[in-house]
Amino acid sequence: MRSPRISTPAAALLAAAALLFAFGGPVSQAAFGTPAASAAPAAQPAADLGSPYISTHLYFGTGRHNGNPPITEEEFNRFVADVITPRFPSGLTLQEGRGQWRDKEGDINREKSYELTVMYPVREAAARNADIEYIRRLYCKTWELESVGRADVRAQVDF
């Protein structure tokens, strides 16, 4: 039986593979004066960025009861300008959507809706809660509606 013949390039490859397994990897970047990838500073975790805030989401429907016409875009925008913006002058986000909900009579209502998002530091929660509840009550009273939905979420925020 003949012994296997290994060509010079194949022998070099086998030698490199043996060195790779023996030393755990290619020549270290440290040998060339550059830091290894593992020594590079890691990206800062998102939890460490920013400050603790509360993100409040309000859900405004535009459908009305008793045959009254829906709240128009102009009426809603005026409410935002006159009532919401003065209480949250630093900023807010509005998104238009299509919503549905079950009213107190059990009917499913589908309507154009708006989602308002405001963010504020946790330390301002008590004062902001009063503003948010005022907005919700006034919207319902102005257009004789049952409710404005609210969701509060804790967040780390950075601007």
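As the structure is a prediction and not an experimental result, all values here were calculated from the model.

Peer 1: Pulling in residues and values, what's your account of the confidence of the model for the protein chain?
Peer 2: Averaged over every residue, the pLDDT of the protein chain is 81; residues scoring 70 or more account for 70%. Considering each helix and strand of the protein chain separately, the mean pLDDT is smallest for helix α1 (residues 8-23), with a value of 42, and largest for helix α2 (residues 73-84), with 98. Within the model, pLDDT remains below 50 along residues 3-32, and this stretch shows 10 contacts once partners closer than five positions in the same chain are excluded.

Peer 1: With reference to specific residues and values, describe α2.
Peer 2: For α2, the set of buried residues is Phe76, Phe79, Val80, Val83 and Ile84. Around the axis of α2, the buried residues are gathered within 105° of arc, so they sit on the same side. α2 presents Glu74 and Asp82 as exposed residues on the side facing more than 90 degrees away from its buried surface. Contacts from the buried residues of α2 go to β1 (51-61), β2 (93-102), β3 (108-121) and α3 (125-143).

Peer 1: Tell me about the environment of Ala155, and please be specific about residues and values.
Peer 2: Along the chain, Ala155 turns up in strand β4 (residues 149-157). Ala155 gets classed as partly exposed once you look at its relative accessible area, which sits at 26%. Sequence separation of Ala155 and Tyr53 is 102 residues, and the distance between their C-alpha atoms is 5.2 Å.

Peer 1: I'd like a rundown of the pattern of salt bridges, residues and numbers included.
Peer 2: Applying the stated criterion to the full structure yields seven salt bridges. Between Arg128 and Glu124 there is a salt bridge; the shortest N-O distance is 3.4 Å. We note a salt bridge from Arg128 to Asp131, for which the minimum N-O separation is 3.5 Å. A residue pair is termed a helical-turn pair when its members lie 3 or 4 positions apart in one helix, as Arg128 and Asp131 do in helix α3 at three residues. What makes Arg128 buried here is its relative accessible area of 18%.

Peer 1: Summarise the sheet that holds β4; cite the residues concerned and give the values.
Peer 2: Strand order across the open sheet formed by four strands is β2-β3-β1-β4, with antiparallel pairing between neighbours. Edge positions in the sheet fall to β2 and β4, since each of these pairs with one other strand and no more. Ignoring which end each strand starts from, the neighbouring axes of this sheet average 30° apart. Bridge analysis of β2 against β3 gives 10 bridges, and the strand direction is antiparallel. Bridge pairing in β3 places Gln100 opposite Arg110. The strands that α3 touches are β1, β3 and β4; relative to β1, the one it contacts most, it runs at about 5°.

Conventions used here
- Residues numbered from 1 in each chain as written.
- Predicted model: local features only at pLDDT ≥ 70, side-chain atom pairs only at ≥ 80, totals over all residues.
- Heavy atoms only, no water.
- pLDDT = per-residue confidence, 0-100.
- Helix = DSSP H or I, 4+ residues; strand = E, 2+ residues; numbered from the N terminus.
- Contact = heavy atoms within 4.5 Å.
- Buried < 20%, exposed > 50% of the residue type's maximum accessible area, 1.4 Å probe, protein only.
- Arc of directions from axis to C-beta.
- Salt bridge = Lys/Arg side-chain N within 4 Å of Asp/Glu carboxyl O.
- Pairing = 2+ DSSP bridges.
- Axes fitted to C-alpha atoms, helices over the stretch in contact; angles between N-to-C directions.

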